[in-house]
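This is what each chain is made of:
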Amino acid sequence: MRLKQIVMNKLSPPLNVCMVHSFHHNRGGDTTYTRQVTQGLQSRNHVVHPFAMQHPLNDSVPSQRYFAPWTPLSQKTKLRAKDILKLIWSRDAYQAFATAIDQLKPDVIHVQHLHRHLTPSILAAARLRKVPVVWTLHDYELLCPSGKMVRQGQMCSLCANGSVIPAVRHRCKWNNTAASLLSAIEHGTHRLIHIEDWIDAFVCPSQFLEKHLQKRIPVDRIHHIPNPVQLTKSKPASKNQWLVAGRLSPEKGFDVAIKAALKLPQYPLLICGDGPERQRLEHLANGAKHIHFLGMLPHETLQKHISESAIIAVPSKWPENFPYAVIEAQAQGKPTVASKMGGIIEQITHEETGLLVPPGDPIALHAAIARLFKKPEWAEELGRKAQSRVATVCRFETHLERLENLYTHVIFNRLN
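The present account deals with the structure reproduced in this document.

Definitions and limits used
Residues numbered from 1 in each chain as written. Predicted model: local features only at pLDDT ≥ 70, side-chain atom pairs only at ≥ 80, totals over all residues. Heavy atoms only, no water. Phe/Tyr/Trp six-rings, centres within 6.5 Å; stacked < 30°, edge-to-face > 60°. Helix = DSSP H or I, 4+ residues; strand = E, 2+ residues; numbered from the N terminus. Buried < 20%, exposed > 50% of the residue type's maximum accessible area, 1.4 Å probe, protein only. Lys NZ or Arg CZ within 6 Å of the ring centre and 35° of its normal. Axes fitted to C-alpha atoms, helices over the stretch in contact; angles between N-to-C directions. Parallel < 35°, antiparallel > 145°, perpendicular 65-115°, else oblique. Left-handed = near helix turned anticlockwise from the far one by under 90°. Contact = heavy atoms within 4.5 Å. Nonpolar A, V, L, I, M, F, W, Y, C, P; charged D, E, K, R; others polar. Core = buried A, V, L, I, M, F, W, Y, C linked by side-chain atoms within 4.5 Å.

The geometry of an aromatic ring pair is captured by the separation of the ring centres together with the interplanar angle, meaning the angle of the planes. Counted according to the given criterion, the structure contains seven aromatic pairs. A centroid spacing of 6.0 Å and a plane angle of 75° characterise the contact between Phe51 and Phe67, whose relative ring orientation is edge-to-face. With Phe51 in strand 2 (residues 47-51) and Phe67 in the loop between strand 2 and helix 3 (81-88), this pair connects stretches of sequence that are 16 residues apart. Each member of the pair, Phe51 together with Phe67, is buried. Three or more aromatic residues joined by ring pairs make a cluster, and in this case those are Phe51, Phe67 and Phe97. Between Lys148 and the ring centre of Trp318, over which it is positioned, the NZ or CZ distance is 4.4 Å. In this structure, Lys375 packs its charged tip against the face of Trp378, placed 5.8 Å from the ring centre.

Here it is in structure tokens:
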């Protein structure tokens, strides 16, 4: 009877949630998800404490006094031996998170991203304190050292069976031997200690990821919950332009969009985002006046550009999980042209809610974009059908309800 009362007290709202992401500023889809879900849970009277690194671009929050030290990391970073060890297992992050748990006393921890920054060391702090952990997977870090499951433009699962040698042999991280070796060591170490066993439940936004994760994780700990999106009243495009958005990195395929745009000079292309590929992409655009690099934009500004655009393109070269670039366009009733790969196939039905094209094919992308511009009424119909779909599949309140149910489930299992 006493146990039942403890359980009921624990499961009564509000819940105390620690929301974990290496970064606490706008960087892409995973941070968009983290921010929106945090705000959604707070609107339902739950207490949410962010935990991240002490990054200079972070948004200010009360719990930042507990944040872990920041270790800069890019292709140009020169790492010492002790820095490399920190990327695999960070004692500083462990101590910071242990203090956060002791002071904030969360009922549940919701992880979004931790590899190479916070590291799985924080999971050890949660495990020692017997706090249940839910992990939403935004990429393939548990299955692939590069986190992308793609090699030379093709799907790759060579490391899915546990071996990490192929990642080094094929220079899968940044096409760099040293970076690939480090990623392989990191991935191999985490597999060796079975960090997946320290997680109470995994959330997979796409069925594509769910299917692949089932090869490594028991089915009863995997939960398919599509990413949520807030619907926006759709407006006709005010400008005859198209748009791509995201981090300017090789796997996003923005070079494909630029090559397609060079053959469509009558239709301006907006490129929203920043990243390591920007200089190369600007060189590829060769000063074309109809191709505009807008840099990293506030979320509200990006939404405005999406609203004004006639078509949104997602030319990814890797099997995206369940990208916001697609569902945010669909939420505004915009027709979307995207790569036929990964979880995107679940988001778009070809010629019904958008168009699918082969990844890495600028000719196919050019043809699809031109086709929609020539048939604006059909393009608007595709957008309306897509908006109707996300209104059901990606309903924000439904997502929050399913998270709440999952939180209470893992808390109950720990108490019981």
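Having seen the model, we can carry on.
Here we take up the packing of helix 9 (residues 254-261) against helix 14 (residues 362-374). The contact between helix 9 and helix 14 brings their axes to 8 Å, and the two run at 60°. Relative to helix 14, helix 9 is oriented oblique. Classified by chirality, the crossing of helix 14 by helix 9 is right-handed. In contact with Val256, Ala257, Lys259 and Ala260 of helix 9, helix 14 contributes Pro362, Leu365 and His366. A class-by-class count of the residues in the contact of helix 9 with helix 14 yields five nonpolar, one polar and one charged.

Tracing the sequence through the fold places Arg129 in the loop between helix 5 (121-128) and strand 4 (133-136). Residue classification places Arg129 among the partly exposed residues on the basis of a relative accessible area of 27%. Note: C-alpha distance between Arg129 and Ala98 (31 residues apart in sequence) is 8.4 Å. Excluding its chain neighbours within four sequence positions, the residues that come into contact with Arg129 are Tyr94, Ala98, Ile101 and Asp102.

Moving on, we get to the nonpolar core. Counting residues in hydrophobic clusters, the biggest one holds 48 residues, and the most contacted among them are Val20, Phe51, Phe97, Ile109, Leu123, Trp135 and Leu213. Secondary-structure elements contributing two or more residues to this core are strand 1 (16-21), helix 4 (91-104), strand 3 (108-113), helix 5, strand 4, strand 7 (201-204) and helix 8 (207-213). If one sorts the elements of this core by residue count, helix 4 sits on top with seven residues. If we ignore the near neighbours within four places in the chain, the residues touching Ile109 are Cys18, Val20, Phe97, Ile101, Ala126, Val131, Pro132, Val133 and Val134. Counting 34 residues, the second-largest nonpolar core is a separate cluster that includes Ala260, Ile291, Ala310 and Val357.

Quick look at unusual backbone geometry now. Backbone geometry at Asn45 places phi at a positive 75°, although glycine is not the residue there. Considering the arrangement of structural elements, one finds Asn45 in the loop between helix 2 (29-43) and strand 2. The phi dihedral of Lys105 falls on the positive side, at around 50°, and the residue is not glycine.

Of all eight residues in helix 12 (residues 324-331), seven are buried; the element is thus mostly enclosed. Residues Tyr324, Val326, Ile327, Glu328, Ala329, Gln330 and Ala331 constitute the buried set of helix 12. Where helix 12 is buried, its residues touch helix 2, helix 11 (299-308), strand 12 (311-314), strand 13 (336-339), helix 13 (344-347) and helix 15 (376-393). The first or second residue beyond helix 12 is Gly333, which carries a positive phi of 70°.

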